[in-house]
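These are the residues of each chain, in order.
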Amino acid sequence: MKVLCLLLLPLVASATESLEEKSMPMKCAAYPYPFTATVCEHKDLRLSCLSGNVIHVIDAFYGRQHPTVCGQNSRIDCLAENSLDKIREKCEGKTSCKLTSTNDEFGDPCFGVPKYIKMIFKCVPPKRLKPRLGLACEHQKPVKISCPEGQKIVVTKAMYGRDEEHSCPGNVYSTLCYAEGSSEKIKDQCHKKSHCILEASNDKYGDPCPKTKKLLKMEYFCVKESDLLLPINRTICESEYKTEVRCPIGKVMLLDDGFYGREDKMACSGRPHFTDKCKAGDSEMILRARCDSRQRCSLRPSNSVFGDPCPLVKKYIRMRYYCVTPISRHHMDDILH
């Protein structure tokens, strides 16, 4: 199928066509081949990707590289310095963007010559955010964890004990060693703070495996402080077959807390239940695997998904999450491929 981008003029363009229209809105779906858009000087281009996909800029410039594009002119060696970086800053990793083809935006690389923006791009599924790792070893110096100014630490996973052989070399007699309550204690120290200190110490967490050198691990994200102001709370009852949870386009989910089970005698029921202390052990991990770093996810509150922590009791999913701004795609050190 060749029709890929819908222009609201209305016109249609293929992946191989160059586009030269005034104030042109352009909506594109995900497709393995790149699109090309050319916008003449003093005109605007509005790009948007469909179905939650994002823009990936392959190449772009402002200037003139062809004698017959946007009028006739023999000058073809005109290129505005840093125009690719400026276009990426406006569009890369976003679901939509607007470009204005003017000297005010990019500077004038060739006075008196008609110029244009040319952009080669794809609409691609958004990359998942990659958590950062904080690691401290027993009998070694504490490790400071910090986020850039205006951002806070969001802890997604933490433990003190031993779960693998390679980090923190030393005597390892067990890799199934977890200090009870260490996850909550680490989270209390670091969650929603701009910085914190990680210290791998039996004095703080107890000694779950004597003679084994232990480590403290914490997976976390640095998130804009403004994204943490409004947590979203959802309860999905066991009677609901499947429910979609979502963030606005351009945002992704980070789970703050969640479980499958029951902690409230009246929730999802018109009658009280005999227990309010029932949680499936791996339910938070399953919720994170399905929803973290995604714009939307589908959840089914079912024993077949989470296990049955309390037979004959009506259960539910309860989750608290944030909708956060994902890191730009070309910051490859913070993106999971």
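What you see is a predicted model; the values in this text were computed from it and never measured. (Residues numbered from 1 in each chain as written. Predicted model: local features only at pLDDT ≥ 70, side-chain atom pairs only at ≥ 80, totals over all residues. Heavy atoms only, no water.)

### Examining unusual backbone geometry
For step 1, the next point in the chain: Look at Asn82: it is not a glycine, yet its phi comes out positive at around 65°.
For step 2, the next point in the chain: By the secondary structure assignment, Asn82 is in the loop between β7 (78-79) and α1 (83-91).
For step 3, the next point in the chain: On the basis of relative accessibility, which here comes to 45%, the residue Asn82 falls in the partly exposed class.
For step 4, the next point in the chain: Non-glycine residue Ser293 carries a positive phi angle of around 70°.
For step 5, the next point in the chain: Mapped onto the fold, Ser293 is located in the loop between α5 (283-291) and β21 (296-299). (Helix = DSSP H or I, 4+ residues; strand = E, 2+ residues; numbered from the N terminus. Buried < 20%, exposed > 50% of the residue type's maximum accessible area, 1.4 Å probe, protein only.)

### Let's talk about the sheet that holds strand β20 (residues 278-279)
The strands making up a sheet are joined through hydrogen bonds of the backbone, oriented either antiparallel or parallel.
For step 1, the next point in the chain: Spatial strand order, β17-β22-β19-β20: four strands in an open sheet with antiparallel pairing. Here the strands that pair on one side only, and so sit at the sheet edges, are β17 (232-237) and β20.
For step 2, the next point in the chain: In this sheet, β20 lies alongside strand β19 (residues 252-262) in antiparallel orientation, the contact comprising two bridges. Residue pairing in the sheet places Arg262 in a bridge with Cys278 of β20.
For step 3, the next point in the chain: Running at roughly 145° to β19, α5 makes contact with β19 and β22 (316-324) of the sheet. (Pairing = 2+ DSSP bridges. Contact = heavy atoms within 4.5 Å. Axes fitted to C-alpha atoms, helices over the stretch in contact; angles between N-to-C directions.)

### A few points about the nonpolar core
One broad rule of soluble globular proteins: the nonpolar side chains tend to lie buried together.
For step 1, the next point in the chain: Judged by nonpolar contacts, the single largest core of 20 residues is most densely connected at Ile55, Met119 and Phe121.
For step 2, the next point in the chain: Those elements that provide at least two residues to this core are β4 (35-40), β5 (44-49), β6 (54-64), α1, β8 (96-100) and β9 (116-124).
For step 3, the next point in the chain: Discounting chain neighbours no more than four positions away, the residues touching Met119 are Phe35, Thr36, Ala37, Leu47, Ile55, Val57, Asp59, Ala60, Ile87, Cys91 and Leu99.
For step 4, the next point in the chain: Core analysis: the second largest hydrophobic core is formed by 18 residues, Ala136, Ala158, Tyr205 and Cys222 among them. (Core = buried A, V, L, I, M, F, W, Y, C linked by side-chain atoms within 4.5 Å.)

### Some words on the sheet that holds strand β16 (residues 215-224)
For step 1, the next point in the chain: In spatial order, the strands read β11-β16-β13-β14; together these four strands make up an open sheet with antiparallel pairing. Sheet topology places β11 (132-137) and β14 (177-178) at the edges, where each strand pairs with a single neighbour.
For step 2, the next point in the chain: Bridge count between strand β13 (residues 151-162) and β16: 10 bridges; the pairing is antiparallel. Opposite Val154, over in β16, you have Phe221 as the bridge partner.
For step 3, the next point in the chain: Packing against the sheet, helix α3 (residues 182-190) makes contact with β13 and β16, and its axis sits at approximately 150° to β13.

### Here we look at the pairing of β21
For step 1, the next point in the chain: Burial of β21 is one-sided: the residues Cys297 and Leu299 facing one way are buried, the residues Arg296 and Ser298 facing the other way are not.
For step 2, the next point in the chain: As judged from the four bridges shared by strand β18 (residues 243-246) and β21, these two strands associate in the antiparallel manner. Its bridge partner lying in β21, Thr243 is registered against Leu299.

### Focus on α3
For step 1, the next point in the chain: Within the sequence span of α3, burial applies to Ser182, Ile186 and Cys190. For α3, the angular spread of buried residues about the axis comes to 55°, placing them on one side. Facing away from the buried surface of α3 by more than 90 degrees, the exposed residues are Glu184 and Asp188.
For step 2, the next point in the chain: Note on α3: the residue one or two positions beyond its end, Lys192, has a positive phi of about 65°. (Arc of directions from axis to C-beta.)

### Remarks on the packing of aromatic side chains
For step 1, the next point in the chain: Per the stated rule, a full pass over the model turns up six aromatic pairs.
For step 2, the next point in the chain: Across the ring face of Phe259, the terminal group of Lys279 is positioned such that the distance to the ring centre comes to 4.8 Å. (Phe/Tyr/Trp six-rings, centres within 6.5 Å; stacked < 30°, edge-to-face > 60°. Lys NZ or Arg CZ within 6 Å of the ring centre and 35° of its normal.)

### Brief notes about the side chain of Lys152
For step 1, the next point in the chain: Position of Lys152 relative to the elements: it lies in strand β13.
For step 2, the next point in the chain: Within the buried set, Lys152 has no salt-bridge partner at all; the shortest N-O distance to an opposite charge, 4.1 Å, is to Glu225. (Lys, Arg positive; Asp, Glu negative; His and termini not counted. Salt bridge = Lys/Arg side-chain N within 4 Å of Asp/Glu carboxyl O.)

### Digging into the confidence of the model for the protein
For residues with low pLDDT, the predicted coordinates do not support detailed interpretation.
For step 1, the next point in the chain: Overall, the prediction assigns the protein a mean pLDDT of 84, with 85% of residues at 70 or greater.
For step 2, the next point in the chain: Contacts of residues 6-23 to residues separated by more than four positions or lying in other chains number 46 contacts, the stretch itself having pLDDT below 50.
For step 3, the next point in the chain: Here residues 328-337 is modelled with pLDDT under 50, and outside its nearest four sequence neighbours on either side it reaches 27 contacts, counting other chains as well. (pLDDT = per-residue confidence, 0-100.)

### Description of the environment of Asp59
For step 1, the next point in the chain: Secondary-structure assignment places Asp59 in strand β6.
For step 2, the next point in the chain: According to the relative accessible area criterion, Asp59 is partly exposed, its value standing at 40%.
For step 3, the next point in the chain: With near-sequence residues (within four places) excluded, Asp59 lies in contact with Leu84, Lys118, Met119 and Ile120.

### As for α5
For step 1, the next point in the chain: Within α5, the full set of buried residues consists of Ser283, Ile286, Leu287, Arg288 and Cys291.
For step 2, the next point in the chain: Remark: Ser293 follows α5 within two positions and exhibits a positive phi of approximately 70°.

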